[in-house]
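Chain by chain, the residues:
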Amino acid sequence: MEQIETLDEFQNRINTGNPVLIYFSGENCSVCKVLKPKIEEEITKHYPKFKLFEVKTDISIELTAQCMIFSIPTIIIYFDKKEFKRYGRNISIPLFIDELKRPYNLMCE
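Residues numbered from 1 in each chain as written. Predicted model: local features only at pLDDT ≥ 70, side-chain atom pairs only at ≥ 80, totals over all residues. Heavy atoms only, no water.

Looking at an unreviewed UniProt entry, one finds the protein chain named Thiol reductase thioredoxin and attributed to Arcobacter cloacae.

Right, dumping it as structure tokens:
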């Protein structure tokens, strides 16, 4: 996952129109470290058009506040420059992948 540190970088990545996944994590978050490789693997396997980015909340405090992130890990999905859904802390990976199938197929194929 590519790192995003500023609000400008964040806006530029979202405004491409591509499906985007933003993964908010923290340095001392064990759940973040375990979940990240699983999410990356499943998204790249099932939805190759997604662009994956990570925001480290302890480094990018202003960006974290602008996005109203209150717990980590948080995943925000964007389709067509608009926020589609947020997933927080405890998520089921199979359910997460399944919920993206319909909007991904509508927007990307």
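Enquirer: So what about the nonpolar core? Which residues, and what values?
Expert: If you look at the biggest cluster of nonpolar residues, it comprises 20 residues, and the most contacted ones within it are Leu21, Ile43, Phe50, Ile77, Phe96 and Leu100. Elements supplying a minimum of two residues to this core: strand E2 (20–25), helix H2 (30–46), strand E4 (74–79) and helix H4 (93–108). Ranked by the residues each element gives to this core, the list is headed by H4, at six residues. With near-sequence residues (within four places) excluded, Phe50 lies in contact with Pro19, Val20, Leu21, Ile43, Ile77, Phe79, Leu100 and Tyr104. (Core = buried A, V, L, I, M, F, W, Y, C linked by side-chain atoms within 4.5 Å. Buried < 20%, exposed > 50% of the residue type's maximum accessible area, 1.4 Å probe, protein only. Helix = DSSP H or I, 4+ residues; strand = E, 2+ residues; numbered from the N terminus. Contact = heavy atoms within 4.5 Å.)

Enquirer: Quick rundown of the sheet that holds E4? Include the residues and the values.
Expert: With respect to topology, five strands assemble into an open sheet ordered E1-E3-E2-E4-E5, the strand pairing being mixed. Across the chains shown, the open sheet's two edge strands, defined by having one partner strand only, are strand E1 (2–3) and strand E5 (82–88). Pairing of E2 with strand E3 (residues 51–56), which is carried by six bridges, proceeds in the parallel orientation. Bridge pairing in E3 places Ser25 opposite Lys56. The strands that H2 touches are E2, E3 and E4; relative to E2, the one it contacts most, it runs at about 170°. Running at roughly 15° to E4, H4 makes contact with E2, E4 and E5 of the sheet. (Pairing = 2+ DSSP bridges. Axes fitted to C-alpha atoms, helices over the stretch in contact; angles between N-to-C directions.)

Enquirer: So what's going on with the pattern of salt bridges? Residues and values would help.
Expert: Summed over all chains, the structure comprises seven salt bridges. Notably, a salt bridge pairs Glu83 with Arg86, separated by 2.7 Å at the nearest N-O pair. A residue is classified by how much of its surface remains accessible, and Arg86, at 33% relative accessible area, is partly exposed. Salt bridges sharing common partners tie together Lys36, Glu54 and Lys56. (Salt bridge = Lys/Arg side-chain N within 4 Å of Asp/Glu carboxyl O.)

Enquirer: Account for the packing of aromatic side chains, naming residues and giving values.
Expert: As enumerated under the stated definition, the model contains seven aromatic pairs in all. A ring pair is formed by Phe10 and Tyr78, whose centres lie 6.1 Å apart and whose planes are at 80°; its orientation type is edge-to-face. Of the two residues, Phe10 is situated in helix H1 (residues 7–14) and Tyr78 in strand E4; the sequence distance between them amounts to 68 residues. The burial state of Phe10 is the same as that of Tyr78; both residues are buried. On the basis of an interplanar angle of 55° and a centroid distance of 4.7 Å, the ring pair of Tyr47 and Tyr104 is categorised as tilted. Linking Tyr47 in the loop between H2 and E3 with Tyr104 in helix H4, this pair joins segments that are 57 residues apart in sequence. Neither residue differs from the other here; Tyr47 and Tyr104 are each classed as buried. (Phe/Tyr/Trp six-rings, centres within 6.5 Å; stacked < 30°, edge-to-face > 60°.)

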